[in-house]
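This is what each chain is made of:
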Amino acid sequence: MNSVVSVSYRSNNELAELQGSVLTAQVKADQLHLKRLYKNIKDNVFDRYPHGFSADVFNYDNYAWAHSMYNSRIINIERPGHKTKWTRFVPLVDMINCV
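Residues numbered from 1 in each chain as written. Predicted model: local features only at pLDDT ≥ 70, side-chain atom pairs only at ≥ 80, totals over all residues. Heavy atoms only, no water.

**Examining the pattern of salt bridges**
For the structure shown, the criterion picks out 3 salt bridges. Residue Asp-43 pairs with Lys-39 through a salt bridge whose shortest N-O separation is 2.5 Å. Residue Asp-43 and its partner Lys-39 are both found in helix α2 (residues 23–46); the two are separated by 4 residues, about one turn of the helix. A salt bridge links Lys-85 to Glu-78, with the nearest nitrogen and oxygen atoms 3.4 Å apart. (Salt bridge = Lys/Arg side-chain N within 4 Å of Asp/Glu carboxyl O. Helix = DSSP H or I, 4+ residues; strand = E, 2+ residues; numbered from the N terminus.)

**As for helix α3 (residues 60–71)**
Quick reminder: α-helices carry 3.6 residues per turn. Residues three or four places apart thus point the same way. For α3, built from 12 residues, the straight-helix expectation of 16 Å at 1.5 Å per residue is met to within 8% by its first-to-last C-alpha distance of 16 Å. Along α3, the positions that sit buried rather than exposed are Asn-62, Tyr-63, Ala-64, His-67 and Ser-68. Looking at the packing, one finds that the buried side of α3 touches α2. Sitting at the amino-terminal end of α3 is Asn-59, which places a side-chain oxygen 3.2 Å from the backbone nitrogen of Asp-61. (Expected span 1.5 Å × (residues − 1). Buried < 20%, exposed > 50% of the residue type's maximum accessible area, 1.4 Å probe, protein only. Contact = heavy atoms within 4.5 Å. Polar contact = N/O pair within 3.5 Å; in protein donor to acceptor, adjacent residues only side chain to side chain.)

**With respect to the confidence of the model for the protein chain**
On average, residues of the protein chain carry a pLDDT of 85, and 90% of them reach 70 or more. The secondary structure element of the protein chain with the lowest average pLDDT is helix α1 (residues 12–15), at 80, and the one with the highest is α2, at 92. (pLDDT = per-residue confidence, 0-100.)

**A word on the packing of α2 against α3**
Direction vectors running N to C along α2 and α3 enclose 115 degrees, while the axes themselves pass 10 Å from each other. Crossing of α2 over α3 shows right-handed handedness. Two secondary-structure elements touch here, α2 through Gln-31, Leu-34, Lys-35, Leu-37, Tyr-38 and Ile-41 and α3 through Tyr-60, Tyr-63, Ala-64 and His-67. Class assignment of the residues belonging to the contact of α2 with α3 gives a composition of 7 nonpolar, 2 polar and 1 charged. (Axes fitted to C-alpha atoms, helices over the stretch in contact; angles between N-to-C directions. Left-handed = near helix turned anticlockwise from the far one by under 90°. Nonpolar A, V, L, I, M, F, W, Y, C, P; charged D, E, K, R; others polar.)

**Let's talk about the packing of aromatic side chains**
For the structure on display, the rule yields 7 aromatic pairs. Between Tyr-38 and Phe-46, the aromatic rings sit 6.2 Å apart at their centres with planes inclined by 50 degrees, giving tilted as the arrangement. Taken as a pair, Tyr-38 and Phe-46 share a single burial class, namely buried. Residues Phe-46 and Phe-58 carry aromatic rings whose centres are separated by 5.2 Å and whose planes lie at 50 degrees to one another, so their mutual orientation is tilted. A residue pair is termed long-range when its members are at least 10 positions apart, and Phe-46 in helix α2 and Phe-58 in the loop between α2 and α3 qualify at 12 residues. The class for Phe-58 is partly exposed, based on a relative accessible area of 32%. Within the aromatic cluster, the residues linked to one another by ring pairs are Tyr-38, Phe-46, Phe-53, Phe-58, Tyr-60 and Tyr-63. (Phe/Tyr/Trp six-rings, centres within 6.5 Å; stacked < 30°, edge-to-face > 60°.)

Written out as structure tokens, the structure reads:
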């Protein structure tokens, strides 16, 4: 599995380098949110159906990697007259800077 490069997936020792930065609180909030998302899926899907979801594969590290890959390829579009945004998956959108 490839490593995740997003700051949200860094260890506490690595985050210590951000001490004093406004990013620290946001990164910690993002990490907590990701852990809650994973726990919800684990409790309601992986643990309920262990025959289809091997713990060796469907673990937090792999979930964090997949979440990072997904987030790097989505865009949120304002919806006129709505409070929520459209989230659209756009394959290869993360490569736009390479053009």
